[in-house]
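Listed below, chain by chain, are the residues.
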Amino acid sequence: MKYTTGKAGRIIIARFEDREDILLNLQEIVKKEDIKAGVFYLIGGLRKGRIVVGPKRDELPPESIWKEISDSHEVIAIGTIFWQGDVPKIHLHGVFGKGEAVSGGCLRETVSVGCLREKGEVFLIIEAILIEIEGVNVERMPDPTTGLSLLRIV
């Protein structure tokens with residue numbers, strides 16, 4: 001185990017509008033505000049996106065199982081932001097849910113938990129609270145064993 005300590009810095013509250021790309025907009029805020037490390041919370045709706053819902057098998061490197069979100073879903077998520085070189089990397093895990101009426105008046109719910117990657121398009125609104133973490137020396141680095149960009153505490 002490795003760890004470091006820091007303290008909360010600025011708190012940014014953002015509203016993302018219908019059809020905006022949540023990942024791209026989070027990166028833009030982080031760049032504009034020069035945030036080197038942070039944690040964020042999201043609540044709202046997602047229209048489209050691709051999530052990884054787990055590895056196919058418990059082996060390294062993992063082979064991802066992908067799920068498409070192709071219509072409106074409720075979302076609640078948490079994530080971190082750490083830089084890899086000159087690019088802020090977003091790591092976002094969330095719960096994505098949709099209920100729909102089926103025959104007999106019953107409600108069928110579809111709930112997925114996963115890591116949103118690539119693009120995530122907002123449905124209606126997503127509210128975000130971003131908390132800057134100050135005083136830490138951390139970064140993301142490519143990991144040859146997993147093929148992923150993992151947190152490194154310097």
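Here the structure is shown first, and the text comes after it.
Not measured: the values here are computed from a predicted model.

**Details of the packing of aromatic side chains**
Phase 1 of the analysis: For the structure on display, the rule yields zero aromatic pairs.
Phase 2 of the analysis: Of note, Lys36 hangs over the ring of Trp83, and the distance from its end group to the ring centre comes to 4.3 Å.
Phase 3 of the analysis: Cation over ring: Arg50 sits above Trp66, and NZ or CZ is 4.0 Å from the ring centre.

**Looking at the nonpolar core**
Phase 1 of the analysis: Phe16, Ile22 and Leu92 are the most contacted members of the largest nonpolar core, which totals 26 residues.
Phase 2 of the analysis: When residues of this core are traced back to their parent elements, those giving at least two are strand S1 (7-17), helix H1 (22-33), strand S2 (37-55), strand S4 (73-84), strand S5 (87-101) and strand S6 (107-134).
Phase 3 of the analysis: With residues up to four places along the chain from it excluded, the contact list for Phe16 reads Ile22, Asn25, Leu26, Ile29, Val122, Leu124, Ile125, Ile126 and Ala128.

**Quick notes on a nonpolar patch on the surface**
Phase 1 of the analysis: On the surface, a nonpolar cluster with roughly 500 Å² of combined accessible area is contributed by Ile11, Ile13, Tyr41, Ile78 and Ile129.
Phase 2 of the analysis: Examined against the element boundaries, Ile78 turns out to sit in strand S4.

**Considering unusual backbone geometry**
Phase 1 of the analysis: Here Leu60 and Pro61 are connected by a cis peptide whose omega angle stands at -5 degrees.
Phase 2 of the analysis: Inspection of the secondary structure puts Pro61 in the loop between S2 and strand S3 (64-69).
Phase 3 of the analysis: A positive phi is found at Glu118, a non-glycine position, where the angle reads about 65 degrees.
Phase 4 of the analysis: With respect to the helices and strands, the residue Glu118 is situated in strand S6.
Phase 5 of the analysis: Here Glu118 falls in the exposed class, since its relative accessible area comes to 52%.
Phase 6 of the analysis: Here Leu124, not a glycine, exhibits a phi torsion of approximately 65 degrees, which is positive.
Phase 7 of the analysis: Relative to the helices and strands, Leu124 resides in strand S6.
Phase 8 of the analysis: Owing to a relative accessible area of 58%, Leu124 belongs among the exposed residues under this scheme.

**A word on the pattern of salt bridges**
Pairing between side chains of opposite charge can happen when the charged atoms of each approach one another.
Phase 1 of the analysis: Evaluation of the coordinates by the stated rule reveals 14 salt bridges.
Phase 2 of the analysis: The shortest N-O distance in the salt bridge between Glu132 and Arg10 comes to 2.9 Å. With Glu132 in strand S6 and Arg10 in strand S1, this pair connects stretches of sequence that are 122 residues apart.
Phase 3 of the analysis: Using a relative accessible area of 8% as the deciding quantity, one classes Glu132 as buried.
Phase 4 of the analysis: Taking the relative accessible area as the measure of exposure, Arg10 reaches 35% and is therefore partly exposed.
Phase 5 of the analysis: Among the salt bridges present, the one from Glu63 reaches Arg57, with a minimum N-O distance of 3.2 Å.
Phase 6 of the analysis: Note on Arg57: relative accessible area 44%, which makes it partly exposed.
Phase 7 of the analysis: Among the charged side chains, a network of salt bridges with common partners joins Asp18, Arg19, Arg47, Lys119 and Glu121.

**Concerning H1**
Phase 1 of the analysis: Its twelve residues give H1 an end-to-end C-alpha distance of 17 Å, which sits within 8% of 16 Å, the value for a rise of 1.5 Å per residue.
Phase 2 of the analysis: Of all the positions in H1, only Ile22, Leu23, Asn25, Leu26, Ile29 and Val30 are classed as buried. For H1, the buried positions fall inside an angular range of 170 degrees around the axis, keeping them on one side.
Phase 3 of the analysis: Between the side-chain oxygen at the start of H1 and the backbone nitrogen of Leu23 there is a gap of 3.0 Å, and the oxygen is on Asp21.
Phase 4 of the analysis: Immediately beyond the C-terminal end of H1, within one or two residues, lies Asp34, with a positive phi of roughly 55 degrees.

The rules behind these values
- Residues numbered from 1 in each chain as written.
- Predicted model: local features only at pLDDT ≥ 70, side-chain atom pairs only at ≥ 80, totals over all residues.
- Heavy atoms only, no water.
- Phe/Tyr/Trp six-rings, centres within 6.5 Å; stacked < 30°, edge-to-face > 60°.
- Lys NZ or Arg CZ within 6 Å of the ring centre and 35° of its normal.
- Core = buried A, V, L, I, M, F, W, Y, C linked by side-chain atoms within 4.5 Å.
- Buried < 20%, exposed > 50% of the residue type's maximum accessible area, 1.4 Å probe, protein only.
- Helix = DSSP H or I, 4+ residues; strand = E, 2+ residues; numbered from the N terminus.
- Contact = heavy atoms within 4.5 Å.
- Patch = residues over 30% accessible without salt bridge, like charges linked within 9 Å, V, L, I, M, F, W, Y side chains within 5 Å.
- Areas by Shrake-Rupley, 256 points an atom, 1.4 Å probe, with all protein chains shown as cover.
- Salt bridge = Lys/Arg side-chain N within 4 Å of Asp/Glu carboxyl O.
- Expected span 1.5 Å × (residues − 1).
- Arc of directions from axis to C-beta.
- Polar contact = N/O pair within 3.5 Å; in protein donor to acceptor, adjacent residues only side chain to side chain.

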